[in-house]
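So you can see what is in the structure, the chains are spelled out below.
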Amino acid sequence: MTMRRILFLLLVAWSLAFAASAQRYSADLDTVYTVHSISQDRFKEVIADYAVRDWVMLNPRPVIVDFYADWCLPCKRLEPILRRIAQHYNGEVDFYRINVDDNSDIADVFQIRSLPFLLICPLEGEPKSVIGLYSEQEYIRVFNQALGR
């Protein structure tokens, strides 16, 4: 085997190892800073009991909840935007999503009539809502304002 061929094989092996490492790192970020799907029952456990009059935040960080439906095209367009925004907040805000077709009780409580519907839950105070599809920068502006940043 020639020296040139050995160097080529080493370069290929190193490139594959680097690519696998980068992919693992990216997957780790997606796991930590992403939008997690939850049910209305899980909402009560990790965010707040939406069925009571007095809102008491259970989560240690602010929360943004995306209420969506599988048939909603703007909701599908919003999904990658929210993943990027979750990365932007770097774990300082938790992101969740709830399918309104599978969780009608919570959709009724928040009177969700249009999608996409985002619920912004600061640590203190009442949640605020955003209805519709906007740019990533506009969402960040609105989230920062609602969260007092």
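Residues numbered from 1 in each chain as written. Predicted model: local features only at pLDDT ≥ 70, side-chain atom pairs only at ≥ 80, totals over all residues. Heavy atoms only, no water.

Engineer: Tell me what's going on with the side chain of N103, and back it up with residues and numbers.
Structural biologist: For N103, the position within the fold is in the loop between strand 3 (94–99) and helix 4 (104–109). Discounting chain neighbours no more than four positions away, the residues touching N103 are I38, S39, Q40 and I98. (Helix = DSSP H or I, 4+ residues; strand = E, 2+ residues; numbered from the N terminus. Contact = heavy atoms within 4.5 Å.)

Engineer: Help me get a handle on helix 3 (residues 73–89), residues and values and all.
Structural biologist: When the terminal C-alpha atoms of helix 3 are compared, their 25 Å separation across 17 residues agrees well with the 24 Å that a helix rising 1.5 Å per residue should span. Along helix 3, the sharpest change in direction is near 30° and occurs at E79; proline P80 comes one to four residues later. When helix 3 is considered as a whole, its buried residues turn out to be C75, L78, I81, L82, I85, A86 and Y89. Those residues of helix 3 that are buried are in contact with strand 1 (35–37), strand 2 (63–68), strand 3, strand 4 (117–121) and helix 5 (136–146). N90 sits one or two residues past helix 3 and shows a positive phi near 55°. (Expected span 1.5 Å × (residues − 1). Bend = angle between axes of the 7 residues up to and from the residue. Buried < 20%, exposed > 50% of the residue type's maximum accessible area, 1.4 Å probe, protein only.)

Engineer: Break down the state of the cysteines for me, with residues and values.
Structural biologist: By the definition in use, this model includes one disulfide. Between the sulfur atoms of C72 and its disulfide partner C75 the distance amounts to 2.4 Å. One quick way to see it: the torsion about the S-S bond of C72 and C75 is about 75°, and its sign makes the bridge right-handed. One exposure class covers both C72 and C75, and it is buried. (Disulfide = S-S within 2.5 Å.)

Engineer: Describe the packing of aromatic side chains, and please don't skip the residues or the numbers.
Structural biologist: Here the structure, examined in full by the defined rule, presents eleven aromatic pairs. Ring centres 5.9 Å apart and planes at 55° place the aromatic pair F67 and F110 in the tilted group. With a gap of 43 residues between them, F67 in strand 2 and F110 in the loop between helix 4 and strand 4 connect regions that are remote in the sequence. The residues F67 and F110 share a single accessibility class, namely buried. Chaining the aromatic ring pairs together yields one cluster made of F43, Y50, W55, F67, F110 and F117. (Phe/Tyr/Trp six-rings, centres within 6.5 Å; stacked < 30°, edge-to-face > 60°.)

Engineer: Tell me about helix 5, and name the residues and values.
Structural biologist: Considered for burial, the residues of helix 5 that qualify are E136, Y139, I140, V142, F143 and A146. Mapping the buried residues of helix 5 onto a view down its axis gives an arc of 170°, with all of them on the same face. Relative to its buried face, helix 5 has exposed residues pointing more than 90 degrees away, namely Q137 and Q145. Residues of helix 5 that are buried sit in contact with strand 2, helix 3, strand 3, strand 4 and strand 5 (128–131). Phi turns positive, to about 70°, at G148, one or two residues after helix 5. (Arc of directions from axis to C-beta.)

Engineer: Tell me about the packing of helix 3 against helix 5, and name the residues and values.
Structural biologist: Where helix 3 contacts helix 5, the axes come no closer than 10 Å and their chain directions differ by 55°. Here helix 5 runs oblique to helix 3, going by the angle between their axes. Helix-helix and strand crossings are classified by hand; for helix 3 and helix 5 the assignment is right-handed. Across the interface between the two elements, L78, I81, L82, R84, I85, H88 and Y89 of helix 3 pack against E136, Y139, I140, F143 and N144 of helix 5. Of the residues contributing to the contact of helix 3 with helix 5, the split by class is eight nonpolar, two polar and two charged. (Axes fitted to C-alpha atoms, helices over the stretch in contact; angles between N-to-C directions. Parallel < 35°, antiparallel > 145°, perpendicular 65-115°, else oblique. Left-handed = near helix turned anticlockwise from the far one by under 90°. Nonpolar A, V, L, I, M, F, W, Y, C, P; charged D, E, K, R; others polar.)

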